[in-house]
Amino acid sequence: MASTDRLRQITDAVREAGRLGVAELAALTGASEMTVRRDLEALAEQGVLERYRGGARSLLLRGEEPPFALREQEGLDAKRRIAAVVAELISDGESVVLDSGTTCREVARALAHRRVTVMPLSLHAVNALTGAPEVTLLVPGGRPRPGELALTGPLTTASLAALRFDTAVLGCCGLGAADGLTAYDLDDATVKRAAIGSARRVVAVADAAKLSRTALAFVAPASALHTVVTDDTAPAEETDALAAAGVTVRKA
């Protein structure tokens, strides 16, 4: 098992149980207890859990999103394939508002050599596009969330209200035909809704795991989306339900 997959498995298991011992986690992951102890130390440094002698307890509530640093290497190949498909959907000369999140950062990297206008809603994506020779980069105001560096608050929504984009590319924490697009953070959900309101076309990016998940904050119904780009492991029942709701589904 890759280290990023093991870290996520440990995070999920400890969050679900509340606390688990090193021996239990070693049996779960198939790793040695020494490896599990190193993983727990790394996760403790990220604020995901708290170590105690012989185990760890979760510091994440079930409705909270894992830290950006933990998610950024998770499913990276799928995220890059999704980003490549999104880049194909965007024509030269388009104006794009680009959401926060790890998949949207990969979209930023995929657009770095294109002749487009982009307003990223995350400092991670701003950094990915800084210096891109043909990109017209617009930077909104706002308050960056720690770690995530997503821009939120009235300055961000005011920036969105002042502009009209060809395409909004949105990340999500959960997506489904029944519950629509959802997010963990209430301020983030407000910004996503403002991005939808400022764009002619809405493209959502979501790896397969997010299609079976619902987060706390409702953003918009599935019918507000024009296209969903996911990876080729997405369950057919979820993608079929989105298609039945009138959404074009592309698998990368």
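Above: the structure in question.
These numbers come from a predicted model, not from an experiment.

Definitions and limits used
- Residues numbered from 1 in each chain as written.
- Predicted model: local features only at pLDDT ≥ 70, side-chain atom pairs only at ≥ 80, totals over all residues.
- Heavy atoms only, no water.
- Helix = DSSP H or I, 4+ residues; strand = E, 2+ residues; numbered from the N terminus.
- Rg over C-alpha atoms; globule rule 2.2 N^0.38 Å.
- Buried < 20%, exposed > 50% of the residue type's maximum accessible area, 1.4 Å probe, protein only.
- Areas by Shrake-Rupley, 256 points an atom, 1.4 Å probe, with all protein chains shown as cover.
- Lys, Arg positive; Asp, Glu negative; His and termini not counted.
- Charge placed at Lys NZ, Arg CZ, Asp CG, Glu CD.
- Pairing = 2+ DSSP bridges.
- Axes fitted to C-alpha atoms, helices over the stretch in contact; angles between N-to-C directions.
- Contact = heavy atoms within 4.5 Å.
- Expected span 1.5 Å × (residues − 1).
- Salt bridge = Lys/Arg side-chain N within 4 Å of Asp/Glu carboxyl O.

**Student:** Describe the overall build of the protein, listing the residues and the values that go with them.
**Tutor:** Helix and strand counts for the protein come out as 10 helices and 15 strands. In summary, the protein has a C-alpha radius of gyration of 19 Å against a globular reference of 18 Å for 252 residues, a match within 12%. Over its C-alpha atoms, taken along the principal directions, the protein stretches across nearly 55 × 40 × 30 Å. Within the protein, buried positions represent 51% of all 252 residues. Taken as a whole, the protein presents about 11000 Å² of accessible surface, with 52% of it coming from carbon and sulfur. The positive charge centre, built from 29 side chains, and the negative charge centre, built from 32, are 2 Å apart in the protein.

**Student:** Got a sec to walk through the sheet that holds strand β11 (residues 180-183)? Specific residues and values, please.
**Tutor:** Taken together, the three strands give an open sheet; going across it, the order is β10-β11-β13, and neighbouring strands pair in antiparallel fashion. On the outer flanks of this sheet lie β10 (174-176) and β13 (217-220), each paired with one strand and no other. Ignoring strand direction, the axes of neighbouring strands in this sheet form an average angle of 30°. Pairing of β10 with β11, which is carried by three bridges, proceeds in the antiparallel orientation. Residue pairing across strands places G174 opposite T182, the latter belonging to β11. Across the sheet, helix α9 (residues 186-197) touches β11 and β13, and the angle it forms with β13 is around 5°.

**Student:** Tell me what's going on with helix α1 (residues 3-17), and back it up with residues and numbers.
**Tutor:** Residue pairs spaced three or four apart in an α-helix point in one direction, given the helix's 3.6 residues per turn. Across its 15 residues, α1 extends 21 Å between first and last C-alpha, which sits within 8% of the 21 Å expected from 1.5 Å per residue. Among the residues making up α1, those that are buried are R6, L7, R8, I10, T11, A13, V14 and R15. At the C-terminal side of α1, G18 shows a positive phi close to 95°.

**Student:** I'd like a rundown of the pattern of salt bridges, residues and numbers included.
**Tutor:** Enumeration over the complete set of coordinates arrives at 17 salt bridges. The residue R57 makes a salt bridge to E50 at a minimum N-O spacing of 3.2 Å. A salt bridge links R143 to D187; the shortest N-O distance between them is 3.5 Å. Of this pair, R143 sits in strand β7 (residues 143-144) while D187 sits in helix α9, placing them 44 residues apart in sequence. Judged by its relative accessible area of 46%, R143 falls in the partly exposed class.

**Student:** Residues and numbers for the environment of V247, please.
**Tutor:** Its place among the elements puts V247 in the loop between α10 (236-244) and β15 (248-251). Separated by 107 residues in the primary sequence, V247 and P140 place their C-alpha atoms 29 Å from one another.

**Student:** Break down the sheet that holds strand β3 (residues 55-58) for me, citing the residues and quoting the values.
**Tutor:** Read across the sheet, three strands follow the order β1-β3-β2 without closing on themselves; strand pairing throughout is antiparallel. A single partner strand is all that each edge strand has here, and the edge strands are β1 (19-21) and β2 (49-52). This sheet shows a mean twist of 20° between the axes of neighbouring strands, independent of strand direction. The pairing of β2 with β3 spans four bridges and is classified as antiparallel. Residue pairing in the sheet places L49 in a bridge with S58 of β3. In this fold α1 packs onto β1 and β3, with an angle of close to 120° to the strand it touches most, β1. Each of β2 and β3 touches helix α3 (residues 33-45); the most contacted strand, β2, lies at about 135° to it.

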